[in-house]
Amino acid sequence: MKAAIIYWSKGGNTEKVAWAIKEGLEASEVEVNFYRTEEAGDLDWFDYDLVCVGFPSYRWHPPEAVDSYLKNRMGEYRQQGRVKTGSPRVPGKNALVFCTYSGPHTGLNEAIPAGKYVGQFFDHLGFEVLDEWYVVGEFHGHMEHSTKGRLGDIRGRPSQEDLKEIKEKTIKLWQRIRDMGVSR
Ligand SMILES: Cc1cc2nc3c(=O)[nH]c(=O)nc-3n(C[C@H](O)[C@H](O)[C@H](O)COP(=O)(O)O)c2cc1C
(Lines give C-alpha, C1' and ligand atoms only; values in the text may rest on other atoms or scores of the structure.)
Protein backbone atom coordinates (compact mmCIF):
# COMPACT_ATOMS: atom_id res chain seq x y z
CA MET A 1 0.00 0.00 0.00
CA LYS A 2 1.31 3.41 -0.92
CA ALA A 3 0.64 6.98 0.16
CA ALA A 4 1.76 10.35 -1.16
CA ILE A 5 2.06 13.47 0.95
CA ILE A 6 2.07 16.66 -1.12
CA TYR A 7 2.33 19.94 0.72
CA TRP A 8 3.22 23.60 0.48
CA SER A 9 4.56 25.56 3.43
CA LYS A 10 6.13 29.00 3.75
CA GLY A 11 6.71 29.29 7.49
CA GLY A 12 7.06 25.60 8.39
CA ASN A 13 3.74 24.95 10.17
CA THR A 14 2.26 22.85 7.40
CA GLU A 15 5.56 21.08 6.93
CA LYS A 16 5.52 19.97 10.58
CA VAL A 17 2.04 18.53 10.13
CA ALA A 18 3.17 16.80 6.93
CA TRP A 19 6.02 15.16 8.84
CA ALA A 20 3.68 14.03 11.62
CA ILE A 21 1.39 12.41 9.03
CA LYS A 22 4.44 10.74 7.47
CA GLU A 23 5.42 9.35 10.88
CA GLY A 24 1.90 8.02 11.43
CA LEU A 25 1.85 6.32 8.05
CA GLU A 26 5.30 4.85 8.48
CA ALA A 27 4.32 3.54 11.90
CA SER A 28 1.54 1.73 10.01
CA GLU A 29 4.14 0.30 7.62
CA VAL A 30 2.90 2.26 4.63
CA GLU A 31 5.34 3.26 1.89
CA VAL A 32 5.28 7.07 1.80
CA ASN A 33 6.36 9.41 -0.99
CA PHE A 34 6.85 12.91 0.35
CA TYR A 35 6.81 16.01 -1.89
CA ARG A 36 6.51 19.75 -1.80
CA THR A 37 4.03 20.87 -4.48
CA GLU A 38 6.96 22.36 -6.43
CA GLU A 39 8.46 18.86 -6.69
CA ALA A 40 5.24 16.95 -7.27
CA GLY A 41 5.04 17.96 -10.97
CA ASP A 42 3.12 15.36 -12.90
CA LEU A 43 2.91 12.83 -10.07
CA ASP A 44 -0.09 10.59 -10.79
CA TRP A 45 -2.49 10.63 -7.84
CA PHE A 46 -4.03 7.40 -9.10
CA ASP A 47 -0.77 5.57 -8.32
CA TYR A 48 -1.57 5.85 -4.61
CA ASP A 49 -4.04 4.35 -2.17
CA LEU A 50 -3.99 7.61 -0.22
CA VAL A 51 -3.05 11.11 -1.33
CA CYS A 52 -2.61 13.69 1.46
CA VAL A 53 -2.54 17.35 0.42
CA GLY A 54 -1.53 20.09 2.84
CA PHE A 55 -1.29 23.89 2.70
CA PRO A 56 -1.89 26.99 4.84
CA SER A 57 -5.07 29.01 4.53
CA TYR A 58 -4.41 32.36 2.82
CA ARG A 59 -7.53 34.50 2.97
CA TRP A 60 -9.62 31.35 3.24
CA HIS A 61 -8.17 29.95 0.03
CA PRO A 62 -5.18 27.73 -0.66
CA PRO A 63 -2.10 29.78 -1.67
CA GLU A 64 -1.74 30.52 -5.37
CA ALA A 65 1.04 27.93 -5.83
CA VAL A 66 -1.20 25.17 -4.48
CA ASP A 67 -4.17 26.28 -6.55
CA SER A 68 -2.07 26.26 -9.73
CA TYR A 69 -0.69 22.83 -8.93
CA LEU A 70 -4.17 21.39 -8.40
CA LYS A 71 -5.61 23.06 -11.49
CA ASN A 72 -2.75 21.77 -13.65
CA ARG A 73 -3.24 18.20 -12.49
CA MET A 74 -6.99 18.51 -12.93
CA GLY A 75 -6.53 19.87 -16.46
CA GLU A 76 -4.50 16.77 -17.35
CA TYR A 77 -7.05 14.40 -15.84
CA ARG A 78 -9.85 16.19 -17.66
CA GLN A 79 -8.00 15.69 -20.96
CA GLN A 80 -7.62 12.02 -20.12
CA GLY A 81 -11.40 11.78 -19.59
CA ARG A 82 -11.06 11.00 -15.92
CA VAL A 83 -13.44 13.71 -14.72
CA LYS A 84 -16.74 11.97 -15.28
CA THR A 85 -20.29 13.21 -14.83
CA GLY A 86 -21.54 11.99 -11.48
CA SER A 87 -17.92 11.55 -10.30
CA PRO A 88 -18.25 7.80 -9.69
CA ARG A 89 -16.04 6.51 -6.85
CA VAL A 90 -12.84 4.83 -7.93
CA PRO A 91 -12.40 1.92 -5.53
CA GLY A 92 -9.36 2.15 -3.27
CA LYS A 93 -8.56 5.80 -4.02
CA ASN A 94 -8.59 8.01 -0.94
CA ALA A 95 -7.59 11.55 -0.10
CA LEU A 96 -6.85 13.51 3.06
CA VAL A 97 -6.82 17.30 3.12
CA PHE A 98 -4.89 19.13 5.83
CA CYS A 99 -4.89 22.86 6.25
CA THR A 100 -3.07 24.98 8.81
CA TYR A 101 -4.49 28.34 9.76
CA SER A 102 -4.26 31.07 12.38
CA GLY A 103 -7.88 32.18 12.39
CA PRO A 104 -7.10 35.73 13.56
CA HIS A 105 -10.45 37.12 12.49
CA THR A 106 -13.12 34.43 12.34
CA GLY A 107 -11.31 31.33 13.58
CA LEU A 108 -11.95 27.99 11.94
CA ASN A 109 -14.21 29.58 9.33
CA GLU A 110 -11.05 30.97 7.71
CA ALA A 111 -9.81 27.48 6.97
CA ILE A 112 -12.90 25.42 6.15
CA PRO A 113 -13.58 27.03 2.73
CA ALA A 114 -9.96 26.33 1.68
CA GLY A 115 -10.18 22.70 2.84
CA LYS A 116 -13.52 22.10 1.13
CA TYR A 117 -12.27 23.70 -2.09
CA VAL A 118 -9.17 21.49 -2.25
CA GLY A 119 -11.18 18.38 -1.39
CA GLN A 120 -13.35 18.99 -4.46
CA PHE A 121 -10.47 18.27 -6.84
CA PHE A 122 -10.24 14.75 -5.45
CA ASP A 123 -13.99 14.25 -5.05
CA HIS A 124 -14.47 15.17 -8.71
CA LEU A 125 -11.97 12.47 -9.72
CA GLY A 126 -13.76 9.78 -7.72
CA PHE A 127 -11.46 9.77 -4.70
CA GLU A 128 -13.04 9.36 -1.29
CA VAL A 129 -12.10 12.43 0.76
CA LEU A 130 -11.77 10.67 4.10
CA ASP A 131 -11.27 13.78 6.17
CA GLU A 132 -10.18 17.39 6.30
CA TRP A 133 -7.88 18.28 9.17
CA TYR A 134 -7.67 21.91 10.24
CA VAL A 135 -4.61 22.52 12.39
CA VAL A 136 -3.90 25.75 14.26
CA GLY A 137 -0.57 27.37 13.36
CA GLU A 138 1.16 30.50 14.66
CA PHE A 139 0.93 33.49 12.31
CA HIS A 140 4.65 34.07 11.70
CA GLY A 141 5.70 37.70 11.64
CA HIS A 142 2.38 39.02 12.95
CA MET A 143 2.38 38.95 16.75
CA GLU A 144 -1.07 40.46 17.17
CA HIS A 145 -2.61 37.76 14.96
CA SER A 146 -0.89 35.11 17.12
CA THR A 147 -1.95 36.55 20.48
CA LYS A 148 -5.14 38.57 20.10
CA GLY A 149 -7.05 36.79 17.37
CA ARG A 150 -10.21 34.71 17.69
CA LEU A 151 -8.12 31.69 18.81
CA GLY A 152 -6.19 33.55 21.54
CA ASP A 153 -2.51 32.83 22.14
CA ILE A 154 -1.42 30.45 19.40
CA ARG A 155 2.33 31.06 19.61
CA GLY A 156 4.34 27.87 19.09
CA ARG A 157 1.46 26.03 17.42
CA PRO A 158 1.35 23.46 16.06
CA SER A 159 2.78 22.28 19.37
CA GLN A 160 4.39 18.91 20.10
CA GLU A 161 1.04 17.92 21.56
CA ASP A 162 -0.78 18.92 18.35
CA LEU A 163 1.68 16.90 16.28
CA LYS A 164 1.38 13.86 18.50
CA GLU A 165 -2.37 14.03 18.03
CA ILE A 166 -1.92 14.23 14.24
CA LYS A 167 0.30 11.16 14.27
CA GLU A 168 -2.27 9.23 16.29
CA LYS A 169 -5.13 10.36 14.04
CA THR A 170 -3.11 9.22 11.01
CA ILE A 171 -2.65 5.76 12.47
CA LYS A 172 -6.44 5.55 12.99
CA LEU A 173 -7.11 6.86 9.49
CA TRP A 174 -4.92 4.20 7.97
CA GLN A 175 -6.70 1.55 10.01
CA ARG A 176 -9.93 2.78 8.43
CA ILE A 177 -8.44 2.45 4.93
CA ARG A 178 -7.21 -1.03 5.72
CA ASP A 179 -10.64 -2.05 7.05
CA MET A 180 -12.33 -0.69 3.91
CA GLY A 181 -9.93 -2.77 1.80
CA VAL A 182 -10.76 -5.91 3.76
CA SER A 183 -14.50 -5.40 3.41
CA ARG A 184 -14.32 -4.88 -0.39
C1 LIG B 1 -0.17 35.96 3.26
C2 LIG B 1 -0.83 35.23 4.41
C3 LIG B 1 -2.22 35.21 4.50
C4 LIG B 1 -2.83 34.51 5.53
N5 LIG B 1 -4.19 34.50 5.60
C6 LIG B 1 -4.80 33.81 6.58
C7 LIG B 1 -6.23 33.78 6.67
O8 LIG B 1 -6.95 34.40 5.89
N9 LIG B 1 -6.79 33.05 7.66
C10 LIG B 1 -6.05 32.35 8.56
O11 LIG B 1 -6.63 31.69 9.41
N12 LIG B 1 -4.69 32.37 8.52
C13 LIG B 1 -4.07 33.08 7.55
N14 LIG B 1 -2.70 33.10 7.49
C15 LIG B 1 -1.94 32.33 8.49
C16 LIG B 1 -1.47 30.99 7.97
O17 LIG B 1 -2.50 30.28 7.34
C18 LIG B 1 -0.94 30.12 9.11
O19 LIG B 1 -0.03 30.81 9.92
C20 LIG B 1 -0.31 28.86 8.56
O21 LIG B 1 -0.15 27.92 9.60
C22 LIG B 1 1.05 29.12 7.92
O23 LIG B 1 1.54 27.90 7.40
P24 LIG B 1 3.06 27.68 6.98
O25 LIG B 1 3.90 28.00 8.20
O26 LIG B 1 3.12 26.25 6.61
O27 LIG B 1 3.36 28.59 5.83
C28 LIG B 1 -2.05 33.80 6.48
C29 LIG B 1 -0.64 33.85 6.39
C30 LIG B 1 -0.05 34.55 5.37
C31 LIG B 1 1.46 34.58 5.31
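Check the entry above for the structure.
Remember, predicted model here, so these are calculated numbers, not experimental data.

Side note on helix H1 (residues 13-27)
Part 1 of the reasoning: Look at H1: 21 Å from first C-alpha to last across 15 residues, which is about the 21 Å you get at 1.5 Å a residue.
Part 2 of the reasoning: Taken together, the buried positions of H1 are occupied by Asn13, Thr14, Val17, Ala18, Ala20, Ile21, Lys22, Gly24 and Leu25.
Part 3 of the reasoning: Just past H1, the residue Glu29 takes up positive phi, approximately 65 degrees.

Quick notes on the side chain of Ser57
Part 1 of the reasoning: Take Ser57: it is sitting in the loop between strand S3 (50-56) and helix H3 (64-79).
Part 2 of the reasoning: In terms of polar contacts, Ser57 uses its side chain to reach the backbone amide nitrogen of Trp60, at 3.4 Å.
Part 3 of the reasoning: Here Glu110 takes part through its backbone oxygen, which lies 2.6 Å from a polar atom of the side chain of Ser57.

Topic: the site of the ligand
Part 1 of the reasoning: Neighbouring the ligand are 21 residues, the closest being Ser9, Thr14, Ser57, Gly103 and Glu110.
Part 2 of the reasoning: Contact between the ligand and Thr100: an oxygen atom at 2.7 Å from a side-chain N or O atom of the residue.
Part 3 of the reasoning: Measuring from an oxygen atom of the ligand, one finds a backbone N or O atom of Gly103 at 2.6 Å.
Part 4 of the reasoning: Look at the ligand: alone it shows 640 Å² of surface, and the protein chains cover 86% of it.
Part 5 of the reasoning: Breaking the shell around the ligand down by element, the ones donating at least two residues are H1 and strand S4 (94-101).

Digging into the sheet that holds strand S1 (residues 2-7)
Part 1 of the reasoning: If you trace the five strands from one edge of the open sheet to the other, you get S2-S1-S3-S4-S5, paired in parallel fashion. Each edge of the open sheet carries a strand with a single partner, namely strand S2 (31-36) and strand S5 (128-136). On average, each strand axis in the sheet is inclined to that of its neighbour by 15 degrees, with strand direction left out of account.
Part 2 of the reasoning: Taken together, the eight bridges between S4 and S5 define a ladder with parallel strand orientation. For Val97, the partnering residue across the bridge sits in S5 and is Glu132.

Quick look at the side chain of Ser9
Part 1 of the reasoning: Of note, Ser9 is situated in the loop between S1 and H1.
Part 2 of the reasoning: One polar contact links the side chain of Ser9 to the main-chain amide nitrogen of Glu15, over a distance of 3.4 Å.
Part 3 of the reasoning: Not counting the four nearest positions on each side in its chain, Ser9 is found in contact with Thr14, Glu15 and Arg36.

How each quantity is defined
Residues numbered from 1 in each chain as written. Predicted model: local features only at pLDDT ≥ 70, side-chain atom pairs only at ≥ 80, totals over all residues. Heavy atoms only, no water. Helix = DSSP H or I, 4+ residues; strand = E, 2+ residues; numbered from the N terminus. Expected span 1.5 Å × (residues − 1). Buried < 20%, exposed > 50% of the residue type's maximum accessible area, 1.4 Å probe, protein only. Polar contact = N/O pair within 3.5 Å; in protein donor to acceptor, adjacent residues only side chain to side chain. Near = heavy atom within 4 Å. Areas by Shrake-Rupley, 256 points an atom, 1.4 Å probe, with all protein chains shown as cover. Pairing = 2+ DSSP bridges. Axes fitted to C-alpha atoms, helices over the stretch in contact; angles between N-to-C directions. Contact = heavy atoms within 4.5 Å.

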